[in-house]
2 protein chains.
Amino acid sequence: MKNYIQFLNKAFDNRIRLGIMSVLVVNDWVDFKALKEMLDLTDGNLASHITALEKEGYVQVKKKFIGKKPNTSYGVTRDGKKAFEEHLNALENLIKKRN
Amino acid sequence: MKNYIQFLNKAFDNRIRLGIMSVLVVNDWVDFKALKEMLDLTDGNLASHITALEKEGYVQVKKKFIGKKPNTSYGVTRDGKKAFEEHLNALENLIKKRN
């Protein structure tokens with residue numbers, strides 16, 4: 001039991017972060033607006049959680065212009081993918097344990 | 001995607017709360033000391049999260065004396081069991097989705 005809590009990643013405690021990561025591990029690059037709509041979040045809410053994941057080194061940012069409009073998109077890093085897989089495995093162990 | 005975040009329960013965002021609930025759903029009554037040791041937590045940390053779960057109506061408290069020593073033990077409520085099952089199902093859906 002001790003072990004399983006240790007393997008859960010504090011950075012993914014929040015369900016919005018779980019949502020962001022689960023979108024980004026299956027999509028190469030997702031822009032802010034699309035991510036916001038997929039997860040049904042406000043700008044501020046998405047921004048704060050994505051910044052937290054960026055600080056952890058789990059999410060990377062790409063800024064470009066589409067015509068004159070700035071466009072920001074997000075992708076998962078290799079570390080992020082690994083950390084998320086480990087977190088989901090720990091959760092999977094928890095779910096199995098109860099059966 | 002939208003749905004799956006909605007089905008995750010904010011009360012269980014924290015991994016310590018996941019740990020507490022996962023112990024309590026498989027054990028009838030667990031006293032403070034045993035719970036603390038099983039989860040490798042400090043007194044303050046366990047107390048604050050158990051209080052949060054109690055306020056949600058997910059955990060119930062039983063106080064008694066063993067000889068002259070007060071003993072506090074915790075159990076999951078019917079609501080808590082249901083809410084936790086729903087949360088784990090939502091997590092399970094997330095885990096399945098990535099495969």
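Residues numbered from 1 in each chain as written. Chains lettered and ligands numbered in written order. Predicted model: local features only at pLDDT ≥ 70, side-chain atom pairs only at ≥ 80, totals over all residues. Heavy atoms only, no water.

1. Details of the packing of helix α2 (residues 15–24) of chain B against helix α4 (residues 43–55) of chain B
Residue and element names in this part refer to chain B. Spelled out, the test is: Lines fitted to C-alpha atoms define the axes here, with helix axes fitted over just the stretch in contact, and angles between the N-to-C directions of these axes take values from 0 to 180 degrees. We count a stretch as a helix when DSSP gives it H or I for four or more residues in a row; a strand needs E for two or more, and each element gets its number in order from the N terminus. Any angle that falls under 35 degrees is termed roughly parallel, while one over 145 is termed roughly antiparallel, one within 65 to 115 roughly perpendicular, and all others oblique. Between two residues, a contact is recorded if the distance between any of their heavy atoms is within 4.5 Å. Gly is placed with the polar residues, together with every amino acid not listed as nonpolar (Ala, Val, Leu, Ile, Met, Phe, Trp, Tyr, Cys and Pro) or charged (Asp, Glu, Lys and Arg).
Interaxial distance between α2 and α4 falls to 10 Å at its minimum, and their mutual angle equals 75 degrees. Classified by the interaxial angle, the pair formed by α2 and α4 is roughly perpendicular. The segment α2 lies against α4, with Ile16, Arg17, Ile20 and Met21 engaging Asn45, Leu46, His49, Ile50, Ala52 and Leu53. Grouping the amino acids of the contact of α2 with α4 by side-chain chemistry returns seven nonpolar, two polar and one charged.

2. Considering the sheet that holds strand β1 (residues 30–31) of chain B
Formally: Any two strands between which DSSP finds at least two bridges are classified as paired.
Read from one edge of the open sheet, three strands run β1-β3-β2 (chain B), paired in antiparallel fashion. Of all the strands in the sheet, just β1 and β2 (59–66) of chain B have a single pairing partner and so form its edges.

3. Points about the pattern of salt bridges
Residues and elements named next belong to chain A. To keep it simple, the criterion reads: A carboxyl oxygen of Asp or Glu within 4 Å of a side-chain nitrogen of Lys or Arg is what we treat as a salt bridge.
Inspection of every chain in the model, using the stated rule, returns eight salt bridges over all chains. The salt bridge partner of Glu37 is Lys33, with a shortest N-O separation of 3.6 Å. Residue Glu37 and its partner Lys33 are both found in helix α3 (residues 32–39); the two are separated by four residues, about one turn of the helix.

4. Quick look at the relation of the copies chain B and chain A
Between the two copies of this chain, the relationship is a rotation about some axis together with a displacement along it. The condition is simple: When the copies are overlaid, the least-squares fit takes in C-alpha atoms only where the residue has pLDDT of at least 70 in both copies.
Of the two same-sequence chains, chain B is brought onto chain A (RMSD 0.0 Å, axial shift 0.0 Å) by a rotation of 180 degrees. Taken together, the rotation angle and the small translation identify this as a two-fold axis. Considering only C-alpha atoms, the part of chain B nearest the rotation axis is Asp13 of chain B, at 2.5 Å. Comparing interface residues between copies, 100% of those in chain B also sit at the interface in chain A, which points to an isologous, same-surface contact.

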